[in-house]
Amino acid sequence: RKEVEQDPGPFNVPEGATVAFNCTYSNSASQSFFWYRQDCRKEPKLLMSVYSSGNEDGRFTAQLNRASQYISLLIRDSKLSDSATYLCVVNGPGGYNKLIFGAGTRLAVHP
Amino acid sequence: GAVVSQHPSRVICKSGTSVKIECRSLDFQATTMFWYRQFPKKSLMLMATSNEGSKATYEQGVEKDKFLINHASLTLSTLTVTSAHPEDSSFYICSAATWRESTEQFFGPGTRLTVL
């Protein structure tokens, strides 16, 4: 089983749509959870951290279910500029500073 | 926010040559730097963790004699791919962190290596 699993997509949605991404992780001891965004041939950029109580940043909402080892990201009112690959990231065994990346879910928003 | 640079951004070399990639934290001192590799349509894979002034810690399956890491100062780490082969062609990304304020890692723009 992969340490962090994501649906690779692609998700093709029209502008204005709401889209949800899911992620599962295998290490029950993980304490830090993140969503990163990666544009084609670029480095990943932190989108948001994910907290146990769930958190929202504008159009983006992240949820964490520790019991199920499941993380989600909801994007409302999709924009063309949201087109990218979204990476689910958790800290791995060996320390809180070691990050384990999922392979990413690709989102394509069309007019 | 914190800025991390990498040089070169792209390199094409012949098989058997060595390639050095630099990672610099421009506006902060990085106690720890990380080196990742990403193959097309795959996830970033951590290669090694580097703390200033000490030997790097390599992940399982990463050859330390092939991927030489030097972290001589709090703002500079280098990765040297020795005797590069076509299968080493990949996107190499570094990140830097200072654990005093947060656990966030700041990523460099990456170096695309193509070995002919």
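Novice: Could you clarify how one ought to interpret the sheet that holds strand E8 (residues 70-75) of chain A in this entry?
Specialist: Think of a sheet as strands paired side by side through backbone hydrogen bonds, with each pair either parallel or antiparallel. All names here are of chain A. Sheet architecture is open: five strands sit in the order E1-E3-E8-E7-E6, paired in antiparallel fashion. Strands with a single pairing partner mark the edges of an open sheet, and in this sheet they are strand E1 (4-6) and strand E6 (55-57). Going across the sheet, the axis of each strand differs from the next one's by a mean of 20°, ignoring polarity. In this structure, strand E3 (residues 19-25) lies alongside E8, joined through six bridges in antiparallel fashion. Looking across to E8, one finds that Cys 23 is bridged to Ile 71.

Novice: So what exactly am I meant to see when it comes to the confidence of the model for chain A here?
Specialist: Detail in the predicted coordinates should be disregarded across regions flagged by low pLDDT. When pLDDT is averaged across chain A, the result is 92; 96% of the residues are at 70 or more. Across chain A, element-level confidence peaks in E8(A) with a mean pLDDT of 97 and bottoms out in strand E10 (residues 99-101) of chain A with 91.

Novice: Is there a simple way to think about the nonpolar core in this case?
Specialist: Buried together is how nonpolar side chains tend to be arranged in soluble globular proteins. Formed by 25 residues in total, the largest nonpolar core has its most connected members in B:Val4, B:Trp35, B:Phe67, B:Leu79, B:Tyr92 and B:Leu113. Taken together, the elements giving at least two residues each to this core come down to strand E2 (10-13), strand E3 (19-25), strand E4 (32-38), strand E5 (45-51), strand E7 (67-73), strand E8 (76-81), strand E9 (90-97) and strand E11 (111-115) of chain B. The residues contacting B:Phe67, other than those within four sequence positions of it, are B:Arg37, B:Met47, B:Tyr58, B:Val62, B:Leu79, B:Thr80, B:Val81, B:Asp88 and B:Tyr92. Formed by 24 residues, the second largest nonpolar core is a distinct cluster that contains A:Val13, A:Tyr86, A:Ile100 and A:Leu107.

Novice: What is the right way to look at the interface of chain B and chain A in this model?
Specialist: Interfaces are often described in size by the accessible area the parts lose on coming together. Taken residue by residue, the interface counts 17 residues in chain B and 16 residues in chain A. In total, about 1500 Å² of surface goes out of reach between chain B and chain A, with carbon and sulfur atoms giving 56% of it. Of the charged contacts, one joins A:Lys98 and B:Glu59 as a salt bridge, the two residues approaching to 2.6 Å between their closest N and O atoms. Broken down by secondary-structure element, the contributors of at least two residues to the side of chain B that touches chain A are E4 and E9 of chain B. By residue number, the principal contributor to the side of chain B that touches chain A is E4(B), which donates three residues.

Novice: Even after reading the chapter, I still don't get the pairing of strand E5 (residues 44-49) of chain A, so can you show me in this structure?
Specialist: Consecutive side chains of a regular strand alternate in pointing toward one face of the sheet and then the other. Bridging between strand E4 (residues 33-38) of chain A and E5(A) involves five bridges; their strand directions are antiparallel. Paired with A:Trp35 across the two strands is A:Met48, which belongs to E5(A).

Novice: How should I be thinking about the packing of aromatic side chains in this particular structure?
Specialist: Any aromatic ring pair is given by two values, namely how distant the centres are and how the planes are angled relative to each other. Tallied over the entire structure, the rule returns twelve aromatic pairs over all chains. Note on A:Phe101 and B:Tyr36: the rings are 5.5 Å apart at their centroids and 85° apart in plane angle, and the pair reads as edge-to-face. A residue pair is termed interchain when its members come from two chains, as with A:Phe101 in strand E10 and B:Tyr36 in strand E4. Accessibility assignment for this pair places A:Phe101 and B:Tyr36 in one class, buried. Centre to centre, the rings of B:Phe67 and B:Tyr92 are 6.5 Å apart; their planes meet at 40°, and the pair counts as tilted. A residue pair is termed long-range when its members are at least 10 positions apart, and B:Phe67 in strand E7 and B:Tyr92 in strand E9 qualify at 25 residues. On the accessibility criterion, B:Phe67 (4% relative accessible area) is buried. When its relative accessible area of 0% is taken as the criterion, B:Tyr92 is described as buried. Ring-pair connections join several aromatic residues into one group, and the members of that group are A:Phe34, A:Tyr36, A:Phe101, B:Phe34, B:Tyr36 and B:Phe107. Over the aromatic face of B:Phe67 sits the side chain of B:Lys66, whose NZ or CZ is 5.9 Å from the ring centroid.

Novice: Would you explain the sheet that holds E8(B) in this entry?
Specialist: Residues and elements named next belong to chain B. If you trace the four strands from one edge of the open sheet to the other, you get E1-E3-E8-E7, paired in antiparallel fashion. Whereas interior strands pair on both sides, the edge strands pair on one side only; in this sheet they are strand E1 (4-7) and E7. For this sheet, the mean angle separating the axes of adjacent strands, direction not counted, is 15°. Sheet analysis places E1 next to E3, joined by four bridges and oriented antiparallel. What sits directly across from Ser 5, in E3, is Arg 24.

Conventions and cut-offs
- Residues numbered from 1 in each chain as written.
- Chains lettered and ligands numbered in written order.
- Predicted model: local features only at pLDDT ≥ 70, side-chain atom pairs only at ≥ 80, totals over all residues.
- Heavy atoms only, no water.
- Pairing = 2+ DSSP bridges.
- Helix = DSSP H or I, 4+ residues; strand = E, 2+ residues; numbered from the N terminus.
- Axes fitted to C-alpha atoms, helices over the stretch in contact; angles between N-to-C directions.
- pLDDT = per-residue confidence, 0-100.
- Core = buried A, V, L, I, M, F, W, Y, C linked by side-chain atoms within 4.5 Å.
- Buried < 20%, exposed > 50% of the residue type's maximum accessible area, 1.4 Å probe, protein only.
- Contact = heavy atoms within 4.5 Å.
- Buried area = accessible area lost by both parts, 1.4 Å probe.
- Salt bridge = Lys/Arg side-chain N within 4 Å of Asp/Glu carboxyl O.
- Phe/Tyr/Trp six-rings, centres within 6.5 Å; stacked < 30°, edge-to-face > 60°.
- Lys NZ or Arg CZ within 6 Å of the ring centre and 35° of its normal.

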